[in-house]
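Coordinates in review
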Amino acid sequence: MAGTLTFSPDDRFHAFLTTCRKTEYGDGPLCGIPVAVKDNISTKGIETTCASKILKGYIPPYDAHVVQLVRGAGAAVVGKTNMDEFGMGTTTENSAFGPTLNPWDDGRVPGGSSGGSAAAVASGMVPMALGTDTGGSIRCPAAFCGIVGLKPTYGRVSRYGLIAYANSLEQIGPMADSVANVSKLFSVIAGHDPRDSTSCARPYAHEPSADIQGLKIGIPNEYFGTGVDPSVADVVRKAIRRLEELGATTVPCSIPSMEYALAAYYVTCTSEASSNLARFDGIRYGPAADSKKAWHEAYREVRKAGFGPEVRRRILLGTFALSSGYYGKYYAKAQVARANVRADFLRILESVDVIVGPTMPTIAFRLAEKSDPLSMYLSDILTVPANLAGIPAISVPCGKSDGMPVGLQIMGRHFEDERVIDVAYAYEQAVSA
Ligand code: GLN
């Protein structure tokens, strides 16, 4: 039955940038369910800022493909969630409109960049939300906030209407309070869309199954190596033993290219970002440039005032990596490293069904704890490989360390999102029984 939903939550954690007080909903599998949408996904008639000053006041004239689908399935789109500006960050502290707080401990970050979506789910304001994941932005906040988040296989969900950060890496995906709800939202958003040239005709119609008897799991030693907090590693090892009790077998493996994954990721994403963000010039988007000024001065002023420090840093890095004389040294090399990461993962996935490890090397950081960009980038080490390889990866809560949630990450073969969902479901059902 169609109707109107009233939504006026007490948003103590600053999960939302915009809320819609009254929203129409329709019939369908998501009938009347409040769904939150990350603010880099276009929503017709609802301000969409990417948490950037440069898009303040921008109201898209159309819905992203996923938003059309979610609305078409009867859901109520109740608001736009906070994020790191343009998706660049791991904590949601890079929002131009102030950070989101972690519902488990408001002195800590919710993770990022989809931190608002994760906090909205974790605090019970919505059961499901859309996030985006370029290098971990769905899985990291899911892990830090104790919810479930899936980065789908590249191409399985249309990116039409997603304001691009790094096209070759990113996917829109479901975040929810349970694996069943992740699966439900995924079944609505997956499938072909001719408006995204990378979109594949691979719809998802699957009921999660908890039967993992005979499943073969690869455990890469790199996912338990230096930089991974020993107490996080212990929680995850315990979860893996639980999967063994459910009938899975584990084999150790190694990903030699892992040491280049982070460098490959940061050269690739900054290069793509420098090109994608060139459109924000104060003419087509952004606060109007002063028309009496020379174009390059007007352009500089608008971009300097509109972009935050992390976005400026990445545009500079990416422009440098792509510039003539350096292209071969950086961008081209990064693509070779990326191909090696992909090849390593695919090779391992020939002999095992899934690869399992921690989602993040630590629990959620304290607010302002990470001040230098490099140490922040290092915390993405366990999530970026799935984006470089284009494979599906899910994070499911698997216990606590120091009172904070820890995420178990399950990665699978291309287009085997069903399988990673099943493994997460089996684990979730076993621990909630
Ligand atoms: N933390 C990573 C970055 O800053 C990933 C971000 C994302 O997935 N959007 O690029």
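Our subject is the structure listed above.
Notes on the structure follow. (Residues numbered from 1 in each chain as written. Predicted model: local features only at pLDDT ≥ 70, side-chain atom pairs only at ≥ 80, totals over all residues. Heavy atoms only, no water.)

A short note on the overall build of the chain
A tally of regular secondary structure across the chain gives twelve helices and 13 strands. In terms of overall size, the chain behaves like a compact globule, its C-alpha atoms giving a radius of gyration of 20 Å where 433 residues would be expected to give roughly 22 Å. In terms of overall dimensions, the chain has a C-alpha envelope of 70 × 60 × 45 Å along the principal axes. A total of 433 residues make up the chain; the buried ones form 59% of that total. Restricting to contacts in the chain with at least 6 residues of sequence separation, those with at least 24 account for 75%. Carbon and sulfur atoms make up 53% of the accessible area of the chain, which amounts to about 16,300 Å² in all. If you average the places of the 42 positive and of the 43 negative side-chain charges in the chain, the two averages end up 5 Å apart. (Helix = DSSP H or I, 4+ residues; strand = E, 2+ residues; numbered from the N terminus. Rg over C-alpha atoms; globule rule 2.2 N^0.38 Å. Buried < 20%, exposed > 50% of the residue type's maximum accessible area, 1.4 Å probe, protein only. Contact = heavy atoms within 4.5 Å. Areas by Shrake-Rupley, 256 points an atom, 1.4 Å probe, with all protein chains shown as cover. Lys, Arg positive; Asp, Glu negative; His and termini not counted. Charge placed at Lys NZ, Arg CZ, Asp CG, Glu CD.)

Quick notes on the nonpolar core
Here is a general trend for soluble globular proteins: nonpolar side chains tend to be buried in one another's company. In this structure, Val70, Phe86, Leu408 and Ile410 are the most contacted members of the largest nonpolar core, which totals 114 residues. Once you skip the residues sitting within four places of it in the chain, Ile410 turns out to touch Val354, Ile355, Val356, Pro392, Ala393, Ile394, Val396, Val420, Val423 and Ala424. (Core = buried A, V, L, I, M, F, W, Y, C linked by side-chain atoms within 4.5 Å.)

Points about the site of the ligand
Contacts to the ligand come from 15 residues, most closely from Thr134, Gly135, Ser137, Tyr165 and Tyr265. A distance of 3.0 Å separates an oxygen atom of the ligand from a polar atom in the backbone of Gly89. Gly136 is positioned with one of its backbone polar atoms (N or O) 3.3 Å from an oxygen atom of the ligand. Taken together, the residues of the shell around the ligand sort by class into four nonpolar, eight polar and three charged. (Near = heavy atom within 4 Å. Polar contact = N/O pair within 3.5 Å; in protein donor to acceptor, adjacent residues only side chain to side chain. Nonpolar A, V, L, I, M, F, W, Y, C, P; charged D, E, K, R; others polar.)

Digging into unusual backbone geometry
Between Gly112 and Ser113 the backbone carries a cis peptide bond, its omega angle lying at 10 degrees. In the Ramachandran plot, Cys50 falls in the positive-phi region, its phi being about 55 degrees despite a non-glycine side chain. Among the secondary structure elements, Cys50 is positioned in the loop between β4 (34-38) and α1 (65-72). Residue Cys50 is classed as buried on the basis of its relative accessible area of 0%. Look at Ala51: it is not a glycine, yet its phi comes out positive at around 55 degrees. Examined against the element boundaries, Ala51 turns out to sit in the loop between β4 and α1.

Remarks on helix α6 (residues 258-276)
In a regular helix each residue adds 1.5 Å, so 19 residues correspond to 27 Å; α6 covers 27 Å between its end C-alpha atoms and thus fits that length. The buried count for α6 comes to 15 of 19 residues, which makes it a mostly enclosed element. (Expected span 1.5 Å × (residues − 1).)

Describing the sheet that holds strand β2 (residues 16-19)
Read across the open sheet, the eleven strands follow the order β2-β5-β4-β6-β8-β7-β12-β13-β11-β9-β10; overall the sheet is mixed. Taken across any chain shown, the strands that pair with only one partner, and hence form the sheet edges, are β2 and β10 (249-253). The average undirected angle you get between the axes of adjacent strands in this sheet is 30 degrees. In terms of strand pairing, strand β9 (residues 216-220) meets β10 through five bridges, oriented parallel. Following the sheet pairing, Ile219 is matched in β10 by Pro252. Across the sheet, helix α12 (residues 417-432) is in contact with β7 (148-151), β11 (354-358), β12 (393-401) and β13 (404-412); its angle to β12 comes to roughly 20 degrees. (Pairing = 2+ DSSP bridges. Axes fitted to C-alpha atoms, helices over the stretch in contact; angles between N-to-C directions.)

Description of the pairing of β4
Here β4 lies mainly inside the structure; five of its five residues are buried. Of the two faces of β4, the one carrying Pro34, Ala36 and Lys38 and the one carrying Val35 and Val37 are both buried. As paired strands, β4 and strand β5 (residues 76-81) are joined by five bridges and run parallel to one another. Across the sheet, residue Val37 finds its bridge partner in β5, namely Lys80. Note that the unit made of β4, α1 and β5 has a crossover that is right-handed. (Right-handed = clockwise from strand over helix to strand, strands pointing away.)

Thoughts on the state of the cysteines
With the rule as written, the count across this model stands at zero disulfides. Free cysteine Cys269: the closest other cysteine sulfur is in Cys140, separated by 14 Å. (Disulfide = S-S within 2.5 Å.)

Remarks on helix α7 (residues 295-306)
In a regular helix each residue adds 1.5 Å, so twelve residues correspond to 16 Å; α7 covers 16 Å between its end C-alpha atoms and thus fits that length. Where α7 is concerned, the buried positions are Ala298, Val302, Arg303 and Gly306. Each buried residue of α7 sits inside an arc of 120 degrees when the element is viewed along its axis, so together they form one side. Of the residues in α7, the exposed ones pointing more than 90 degrees away from the buried face are Arg300, Lys304 and Ala305. Check the buried side of α7 and you find it contacts α8 (309-322). (Arc of directions from axis to C-beta.)

Concerning a positive patch on the surface
Together, Lys53, Arg300, Lys304 and Arg312 give the surface a local cluster of positive charge. The class for Lys304 is exposed, based on a relative accessible area of 58%. (Patch = residues over 30% accessible without salt bridge, like charges linked within 9 Å, V, L, I, M, F, W, Y side chains within 5 Å. Salt bridge = Lys/Arg side-chain N within 4 Å of Asp/Glu carboxyl O.)

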